[in-house]
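Below, each chain spelled out in residue letters.
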Amino acid sequence: MNGGDGGTPASSPWRRLALAVDNAVELLRTGRLTEPYRTPFDVVHAEPVYKLRRYAPDPAAHGAASGTPLLLVPPLMVTSEVYDISPDLSAVAFLLRHGVDTWLVDFGPPERQQGGMDRTLDDHVRAVSDAVDRVRDALGRDVHLAGYSQGGMFVYQTAALRRSMGLASLVTFGSPVDIHRNVPGVADVVVDRVVGALRDLIERPLEHIDGLPGLLTSWGFRALSFRKELAQLGEFLRHLDDREALARREARRRFIRGEGFVAWPGPALRQFVDEFVVHNRMALGGFVLLGRTVTLADIRCPILCFVGLRDELARPAAVRAIRRAAPAAEVHEVDVPAGHFGLVVGRRAMERTWPTVVEWLGWREARGPIPAPLARPPRERRPEAIDDVVEAAFDDVRLDAALVADVASGALRAVGERLTDAVRRAGRRIDRLRWQLPRLRALASLEPSTRIGFSRALAEAARERPDATFFLWRGRAFRYRDANERVDNVARGLIACGVRPGDRVAVVMDARPSTLSVIGALLRVGAVAVLAGPSMRRLSVDRALRMVDVRRAVVDPENAARVRAAFDGELLVLGGARTPRALPQGAVDMERIDPSRVSWPGWYEPDPGRAADLAMILFASGPDDQPRVARITHGRWAFAALGAAAACPLGPDDTVYCCLPLHHPSGILVATGGALVGGSRLALASGFAPDVFWPEVRRYGATVVFYAGDMARDLVEAPAGHLERGHPVRLFAGSGMRRDVWRRLVERFGVSVLEFYASTEGNAVLANVTGRKVGSLGRPIPGSAPVAVVRWDHDAGRIARDSQGRAIRCGADEPGVLLSRLAAGGPAIGAGADVVGAEARVAHDVFEPGDAWLVGSDLLRIDADGDAWLVDRLSDVVRAPSGPIYTAAIEDALLEHPGILRCAVFGEPMPEGSYERLVAAVVPRPGHLLDAAELDAFAASRLPPHERPARWWVRDQLPMTDGYRVSKRALRDAATRDVGDI
């Protein structure tokens with residue numbers, strides 16, 4: 001239709017071109033065609049990190065969600081206006097129309113605020129938690145908390161930190177939990193390897209930047225959605241002549257092209273990358289916030305998470321990982337055929353996302369039905385990565401892609417499986433090259449004069465990574481810098497109390513940070529730490545400390561009175577509250593010493609210990625459970641630490657969970673030492689029981705658990721719990737695990753087991769690295785002292801020798817005692833009055849004149865493949881007319897009985913002579929009655945006649961050592977007083 005004035009028709013190309021030019025000129029001149037839009041709100045609280053907004057309610061609103069409080073959280077790099085872009089795309093306006101009491105956390109643009117670029121993730125999570133408290137206090141009711149993208153991660157982290165206190169529910173939109181699953185079609189192991197290999201490339205550049213500018217994050221967002229960016233550009237150019245169409249899209253266009261993006265502060269960015277990208281601790285647990293360890297497993301309130309099927313920033317697998325990470329929460333998912341931005345802004349968000357949120361709020365408040373998307377049964381998903389690829393490729397076109405998807409799925413799965421297997425094989429080689437070989441080289445290069453030890457390793461770590469987390473205890477995180485400073489302060493206190501190099505100072509403390517501090521401080525000064533268990537079940541404190549000539553002891557407040565009652569030397573008290581407390585008379589309260597007033601004396605040399613120098617003295621079990629003194633040199637500590645770190649292998653991604661007391665060899669040498677030299681975090685358990693173990697494993701994100709003896713039996717016997725699902729543990733490592741527990745542990749929890757065998761003082765370490773032979777001790781690790789298994793004369797109680805006076809090596813599967821060679825001129829243990837039975841444990845001229853070997857306390861056999869197996873402890877071998885009887889194999893056989901929970905077999909003296917009869921002490925499973933005839937029949941079906949118990953003794957429990965092994969000496973003593981056999 002022509003214009004009435006005879007001008008150019010309105011629809012002509014020239015007219016459209018003219019309009020396009022006019023619109024382009026105005027955009028170039030003013031940058032916009034419409035006035036900025038913003039829903040009215042009040043700022044009810046303001047502080048440097050955030051402002052708390054409350055939006056004006058709509059008086060005409062009504063519905064099931066009316067009055068329900070919803071607190072919105074934006075991501076770091078996106079402005080708060082993501083929820084309020086324009087009238088037709090405003091989530092805030094939609095919520096208000098439906099009566100939702102809408103609040104918002106506004107972090108503001110940090111680049112334009114004083115100190116904004118110095119913010120950490122802790123600052124932002126603290127702000128969200130504070131906002132929850134303020135909304136809750138204002139309304140007197142729990143709050144629904146919602147977040148988009150990283151804002152949703154803040155929501156999860158806040159809920160975990162608060163353990164859901166004050167939260168009615170969580171709602172998240174495209175919020176990844178397992179970032180390593182953000183790569184489609186690739187197994188976790190592949191991503192873990194890639195991220196691990198790129199760790200230095202990721203972390204080091206971030207150390208030197210102040211943050212990411214908003215413009216850069218805007219470009220990054222658009223680059224990751226390049227296909228949509230091109231489509232948006234084409235749409236803009238096609239409608240350049242249509243002012244109304246441009247006006248409708250203007251808010252979204254301006255938001256995406258820069259106005260909606262703000263800077264990401266450098267400290268927050270570095271913490272995000274380290275905790276959640278490199279170490280993936282949102283998925284595993286154990287991320288550190290406000291100095292505390294946090295796990296999503298502590299979330300108890302219901303969760304609604306929206307999954308963008310075309311989301312390239314937070315892929316479905318990464319978002320859906322919340323189910324695994326928060327097993328105690330009721331989790332609901334809603335799939336939206338949209339990308340990352342379209343989840344909260346756009347047509348689909350208005351049609352699907354926000355209506356579902358309103359329905360969710362009404363349902364959770366018991367004022368409306370379940371949201372429609374949740375009422376439908378979940379669809380059967382094809383493999384997530386393939387499903388997303390197909391949906392993204394065909395976009396809105398409705399095609400029958402089932403055949404294509406099936407073919408693609410099969411092909412890609414096959415490729416993925418081959419790639420995963422190849423990466424696993426390559427990964428094992430990489431681990432050997434990256435972690436094991438340097439440690440094994442360090443072991444091989446140890447000389448008696450090498451400067452090494454626990455306190456030196458801590459000081460080096462504090463210099464290299466001061467702000468990294470060293471250890472975790474009772475939900476608190478301690479940095480290397482803080483731990484090393486505490487060691488220095490305690491060292492000053494020890495010097496003020498008169499401690500000098502070479503002094504032997506007892507440490508009688510429970511597992512706590514101060515225990516590590518005082519051990520490190522004694523070694524830093526050059527003194528010797530004598531570690532005694534607070535319980536001292538087998539030896540009085542007085543006798544133990546007199547054995548090694550100790551005149552001074554450091555104790556914690558809880559053990560001060562008991563140690564004072566048995567020890568008349570100088571008593572130093574460390575740890576606990578610094579306020580005045582009741583201590584034994586004459587005790588010195590080290591917490592009242594001001595380290596700043598103690599100068600380093602002229603003789604002081606930090607960490608003077610060399611490999612050959614004595615570092616610690618431990619009390620180990622000897623024959624008949626009689627304690628013996630074990631001398632640990634700095635070199636022996638380093639050997640155990642490096643060996644554990646290499647065999648496991650331990651790295652910065654690992655958190656080592658130590659269930660053992662620190663006075664136990666595996667606690668201080670293997671778990672603590674391995675974590676320190678491996679660069680892993682060390683988590684000190686508050687105790688050991690299944691109801692403590694799993695919450696702490698999840699809270700700390702423990703990946704490697706060190707055990708001793710029969711400790712893990714309690715875990716496999718405990719009822720299944722929700723915290724077991726999706727746990728982060730990959731490996732149990734230790735010594736003394738029974739075969740039945742080993743098999744059940746692997747089957748139930750999907751973990752690997754690494755069984756160690758180590759002499760406390762000598763440098764002999766065996767390890768079953770592959771785990772293929774359940775129950776085997778494996779082979780000597782590289783760098784270990786040479787070992788041999790030789791025949792043992794049970795009657796004489798010594799090595800059996802041939803006519804030439806030389807030891808006789810055992811053949812394949814022949815039981816014998818284990819020997820480990822001592823280095824010439826530098827024995828691993830020193831002879832002397834302070835080492836009980838030292839001379840009896842060192843054999844000379846064993847295979848050649850002048851050699852020296854440490855005689856072990858266990859009988860082993862070596863199979864045809866060269867793998868070692870424990871036969872029995874020498875002290876447990878039963879003397880019988882038919883010859884020596886080995887009890888360990890009998891116990892393994894009896895533990896296969898379905899009614900036996902625990903058992904121990906030992907010898908009871910026979911009245912008629914020097915021989916013993918077999919007694920089996922058994923603990924029945926709950927609800928099982930054990931009958932002697934049934935047990936006799938079971939033993940007859942499993943054991944030869946001479947290995948069948950003559951007496952069955954039912955017990956409620958068996959006496960256990962600190963190393964979770966049965967104390968057979970205590971059983972034998974009790975058996976002479978108890979005739980309650982069946």
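Here is what the cut-offs are and how they apply
- Residues numbered from 1 in each chain as written.
- Predicted model: local features only at pLDDT ≥ 70, side-chain atom pairs only at ≥ 80, totals over all residues.
- Heavy atoms only, no water.
- Phe/Tyr/Trp six-rings, centres within 6.5 Å; stacked < 30°, edge-to-face > 60°.
- Helix = DSSP H or I, 4+ residues; strand = E, 2+ residues; numbered from the N terminus.
- Buried < 20%, exposed > 50% of the residue type's maximum accessible area, 1.4 Å probe, protein only.
- Lys NZ or Arg CZ within 6 Å of the ring centre and 35° of its normal.
- Axes fitted to C-alpha atoms, helices over the stretch in contact; angles between N-to-C directions.
- Left-handed = near helix turned anticlockwise from the far one by under 90°.
- Contact = heavy atoms within 4.5 Å.
- Nonpolar A, V, L, I, M, F, W, Y, C, P; charged D, E, K, R; others polar.
- Polar contact = N/O pair within 3.5 Å; in protein donor to acceptor, adjacent residues only side chain to side chain.
- Pairing = 2+ DSSP bridges.
- Right-handed = clockwise from strand over helix to strand, strands pointing away.
- Core = buried A, V, L, I, M, F, W, Y, C linked by side-chain atoms within 4.5 Å.
- Salt bridge = Lys/Arg side-chain N within 4 Å of Asp/Glu carboxyl O.

**Focus on the packing of aromatic side chains**
Here is step 1 of the chain: Per the counting criterion, the structure on display carries 23 aromatic pairs.
Here is step 2 of the chain: Each ring, one from Tyr-657 and one from Tyr-700, has its centre 6.5 Å from the other, and the planes form 40°; the classification is tilted. A residue pair is termed long-range when its members are at least 10 positions apart, and Tyr-657 in strand 22 (residues 655-658) and Tyr-700 in helix 25 (residues 690-700) qualify at 43 residues.
Here is step 3 of the chain: Looking at Tyr-657, the relative accessible area reads 0%, which means it is buried.
Here is step 4 of the chain: Chaining the aromatic ring pairs together yields one cluster made of Tyr-657, Phe-688, Phe-693, Trp-694, Tyr-700, Phe-732, Phe-749 and Tyr-964.
Here is step 5 of the chain: Stacked on the ring of Phe-847, the Lys or Arg Arg-809 has its end atom at 4.0 Å from the ring centre.
Here is step 6 of the chain: Arg-951 extends its terminal NZ or CZ atom over the ring of Trp-953, reaching a point 5.2 Å from the ring centre.

**Quick look at the packing of helix 19 (residues 480-496) against helix 20 (residues 513-525)**
Here is step 1 of the chain: Taken N-terminus to C-terminus, the directions of helix 19 and helix 20 make an angle of 65°; their axes are 8 Å apart at the nearest point. As helix 19 runs across helix 20, the sense of the crossing is right-handed. In this structure, helix 19 uses Asn-484, Arg-486, Val-487, Asp-488, Val-490, Ala-491, Leu-494 and Ile-495 to contact helix 20, whose residues at the interface are Ser-514, Ser-517, Val-518, Gly-520, Ala-521, Leu-522, Arg-524 and Val-525.
Here is step 2 of the chain: Along the lines of polarity and charge, the residues of the contact of helix 19 with helix 20 split into 9 nonpolar, 4 polar and 3 charged.

**A closer look at the side chain of His-897**
Here is step 1 of the chain: On the secondary structure map, His-897 appears in the loop between helix 29 (887-894) and strand 38 (900-909).
Here is step 2 of the chain: A polar side-chain atom of His-897 sits 3.0 Å from a polar atom in the side chain of Glu-934.
Here is step 3 of the chain: Contacts of His-897, omitting those with residues within four sequence positions, involve Leu-930, Glu-934, Leu-935 and Phe-938.

**Quick look at the sheet that holds strand 11 (residues 303-308)**
Here is step 1 of the chain: Judged by pairing direction, the sheet is mixed, and its 8 strands sit side by side in the order 1-2-4-3-5-6-11-12 without closing on themselves. Each of the sheet's edge strands pairs with one partner strand only, and the pair in question is strand 1 (41-46) and strand 12 (331-336). Each neighbouring strand pair of the sheet contributes to a mean axis angle of 20°, computed without reference to strand direction.
Here is step 2 of the chain: Sitting on the sheet, helix 3 (residues 121-139) is in contact with strand 1, strand 2 (51-55), strand 3 (69-73), strand 4 (101-106), strand 5 (143-148) and strand 6 (167-173), with an inclination near 160° to strand 3.
Here is step 3 of the chain: Seen against the sheet, helix 4 (residues 150-162) touches strand 3, strand 5, strand 6 and strand 11 and runs at an angle of roughly 140° to strand 5.

**Thoughts on the pairing of strand 25 (residues 731-735)**
Here is step 1 of the chain: With respect to burial, strand 25 is a largely interior element, 5 of its 5 residues being buried.
Here is step 2 of the chain: Side chains of strand 25 alternate between two faces, with Leu-731, Ala-733 and Ser-735 and Phe-732 and Gly-734 buried alike.
Here is step 3 of the chain: Looking at chain direction, strand 24 (residues 704-708) and strand 25 are connected through 5 bridges and run parallel. Each residue of the ladder has a partner; that of Ala-708, found in strand 25, is Ser-735.
Here is step 4 of the chain: A crossover connection joins strand 25 to the parallel strand 26 (residues 752-758) through helix 27 (residues 739-749); in handedness this β-α-β unit is right-handed.

**Examining the nonpolar core**
Here is step 1 of the chain: Counting 105 residues, the largest nonpolar core has Met-616, Trp-637, Tyr-657, Phe-693, Phe-706, Phe-732 and Phe-756 as the members making the most contacts within it.
Here is step 2 of the chain: Looking at which element gives the most residues to this core, the answer is helix 23 (residues 634-647), with 8 residues.
Here is step 3 of the chain: Leu-71, Tyr-156, Ala-160 and Val-319 belong to the second-largest nonpolar core, a separate cluster that totals 92 residues.

**Details of the sheet that holds strand 40 (residues 951-954)**
Here is step 1 of the chain: Here we have 3 strands laid out as an open sheet, ordered 38-39-40, and mixed in their pairing. A strand with exactly one partner marks an edge of an open sheet, and here the two such strands are strand 38 and strand 40. Neighbouring strand axes in the sheet, compared pairwise and without regard to direction, differ in orientation by 25° on average.
Here is step 2 of the chain: Against the sheet, helix 29 contacts strand 38, strand 39 (916-924) and strand 40, and its axis sits at roughly 145° relative to strand 38.
Here is step 3 of the chain: Docked against the sheet, helix 31 (residues 968-975) engages strand 38, strand 39 and strand 40, running at close to 65° with respect to strand 38.

**Looking at the pattern of salt bridges**
Here is step 1 of the chain: Evaluation of the coordinates by the stated rule reveals 54 salt bridges.
Here is step 2 of the chain: With its nearest N and O atoms 2.4 Å apart, the salt bridge here joins Arg-925 to Glu-717. Of this pair, Arg-925 sits in the loop between strand 39 and helix 30 (932-942) while Glu-717 sits in helix 26 (residues 713-717), and the two are 208 residues apart along the sequence.
Here is step 3 of the chain: According to the relative accessible area criterion, Glu-717 is partly exposed, its value standing at 26%.
Here is step 4 of the chain: Of the charged contacts, one joins Glu-814 and Arg-791 as a salt bridge, the two residues approaching to 2.8 Å between their closest N and O atoms. Placement of the pair is Glu-814 in the loop between strand 31 (798-799) and strand 32 (816-821) and Arg-791 in the loop between strand 29 (787-790) and strand 30 (792-793), with a sequence separation of 23 residues.
Here is step 5 of the chain: Note on Glu-814: relative accessible area 24%, which makes it partly exposed.
Here is step 6 of the chain: Each of the salt bridges in this network shares a partner with another, and the network as a whole consists of Arg-738, Arg-739, Asp-876, Glu-891, Asp-892 and Lys-968.

Any functional reading would require information that these geometric values do not contain.
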